[in-house]
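Residue strings, one per chain:
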Amino acid sequence: MADDDRPDLTGDVEGSVLGSIKKKLVETKEAWAREGRALTGAPVTPDKPRLPPGQRLTGDFPVLDLGVQPAIRPEDWRLSVSGLVENPIDWGWDDFHAQPQVRMRTDIHCVTTWSRYDNDWEGVSARDFLNVVKPKAEARHLVFHSHDGYTTNVPLKTFDDDDVLLAHTWNGAPLTREHGGPIRPIIPKLYFWKSAKWVKHITFLDKDAPGFWEVRGYNNNADPWKEERYG
Ligand SMILES: Nc1nc2c(c(=O)[nH]1)N[C@H]1C(S)=C(S)[C@@H](COP(=O)(O)O)O[C@H]1N2
Ligand SMILES: [Mo]
């Protein structure tokens, strides 16, 4: 894939020391994807129906990203929506908090093999969000765009689920900057790279548009139960 096809990364990031750290990190993960690292092909063990194959449980909350953690003050935060929707919203912090608020408890499964149970999230459910933006009949896919240049894609039917939300709180405290605060989508049925930190924009498309890791060897679907890590 040509560099030009890759998602935009801001010039100041690419040119900096952080940019070169990130390049190394990205290259390492691309190599892991080519090698199929951590792929076990193991069947789901019947006595542990909660832990997907090849995963191990941790009580920590590891931080993984491209090495850039944008600082966004709630008062500056905005979320815009474009593409195939009836109502292309542009929300500020107060607009977001004026929506119905929900609590959900979910597990996290990261492609790097850690899983974390019982994460308590608060925010706006995907279902309530979709009721506001109103996807058009042709809309099939979503792409999340983040402040660090990251993108990731999910089918609308996967996002439109009762365990998906746009979260501002984790385990009773505001979502920290390192974990993608002030707001990030949480899509528990997929590997955690599909849950974009520091989200700023969501677009609804009729066609699929693979994101940052999806064009670098990660699987487009990312179902942990099928071990859809790469390819
Ligand atoms: N904006 C953004 N979102 C991102 C990433 C990133 O680099 N940038 N990394 C993804 C990956 S690969 C993982 S495993 C999770 C890690 O989230 P955490 O740092 O809160 O554990 O964020 C995902 N969302
Ligand atoms: Mo990840």
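Here is a short report on the structure shown in this document. What you see is a predicted model; the values in this text were computed from it and never measured. (Residues numbered from 1 in each chain as written. Chains lettered and ligands numbered in written order. Predicted model: local features only at pLDDT ≥ 70, side-chain atom pairs only at ≥ 80, totals over all residues. Heavy atoms only, no water.)

Looking at the packing of aromatic side chains
Convention followed: Pairing of aromatic rings covers Phe, Tyr and the six-membered ring of Trp, with a centre-to-centre limit of 6.5 Å; geometry is then stacked below 30 degrees between planes, edge-to-face above 60, and tilted otherwise. Here a helix means four or more residues in a row that DSSP labels H or I, a strand means two or more in a row labelled E, and each is numbered from the N terminus. Charge over a ring is defined by NZ of Lys or CZ of Arg lying within 6 Å of the ring centre and within 35 degrees of the ring normal.
Counted by the stated rule, this structure contains 16 aromatic pairs. Ring centres of Trp77 and Trp93 lie 5.7 Å apart, and the angle between their planes is 80°; on these two criteria the pair is classed as edge-to-face. Residue Trp77 is located in the loop between β1 (56-57) and β2 (78-83), and its partner Trp93 is located in helix α3 (residues 93-97); the two are separated by 16 residues in the primary sequence. An aromatic cluster of three or more residues is present, and its members are Trp77, Trp91, Trp93, Phe96, Phe129, Phe144 and Phe159. For the cation-ring pair, Arg37 lies above Trp32, with the distance from its terminal atom to the ring centre recorded as 4.1 Å. Here Arg216 stacks its cationic end above the ring of Phe212, 3.8 Å away from the centre of that ring.

Some remarks on the pairing of β2
Just so we agree on the cut-off: Strand pairing follows a simple DSSP-based rule, namely that at least 2 bridges must link the two strands.
By the bridge criterion, three bridges tie β2 to strand β3 (residues 90-92) in an arrangement that is antiparallel. Across the sheet, Arg78 pairs through a bridge with Gly92, a residue of β3. What sits between the antiparallel neighbours β2 and β3 is a turn of six residues. Bridging between β2 and strand β11 (residues 199-205) involves four bridges; their strand directions are parallel. Directly across from Ser82, in β11, lies its bridge partner Thr203.

What about the sheet that holds strand β7 (residues 151-155)?
The cut-off we apply is this: Lines fitted to C-alpha atoms define the axes here, with helix axes fitted over just the stretch in contact, and angles between the N-to-C directions of these axes take values from 0 to 180 degrees. The contact rule is simple, with two residues in contact once any of their heavy atoms fall within 4.5 Å.
Spatial strand order, β3-β2-β11-β6-β7: five strands in an open sheet with mixed pairing. Single-partner strands in this sheet number two, and they are β3 and β7. For this sheet, the mean angle separating the axes of adjacent strands, direction not counted, is 15°. Against the sheet, helix α4 (residues 126-133) makes contact with β2, β3 and β11, and its axis sits at roughly 65° relative to β11, the strand it touches most.

Details of the site of ligand 1
Our working definition: Near, as used in this document, describes a residue that has one of its heavy atoms within 4 Å of the molecule or strand being considered. Polar contact is the term for a pair of N or O atoms within 3.5 Å; when the atoms are in protein, one must be able to donate a hydrogen and the other to accept it, and sequence-neighboring residues count only if both atoms are side-chain atoms. In these tables, accessible area is a Shrake-Rupley quantity obtained with a 1.4 Å probe, and a residue counts as shielded only by the protein chains included in the view. All residues other than Ala, Val, Leu, Ile, Met, Phe, Trp, Tyr, Cys, Pro, Asp, Glu, Lys and Arg, Gly among them, are scored as polar; the first ten of these are nonpolar and the last four charged.
The immediate surroundings of ligand 1 are formed by 21 residues, with Pro62, Asp148, His179, Arg184 and Lys197 found nearest. Asp148 is positioned such that a nitrogen or oxygen atom in its side chain is 2.7 Å from a nitrogen atom of ligand 1. In the model, an oxygen atom of ligand 1 is placed 2.6 Å from a nitrogen or oxygen of the Lys197 side chain. Its free accessible area being 530 Å², ligand 1 has 99% of it covered by the protein chains. Here the shell around ligand 1 is composed, by residue class, of 13 nonpolar, three polar and five charged.

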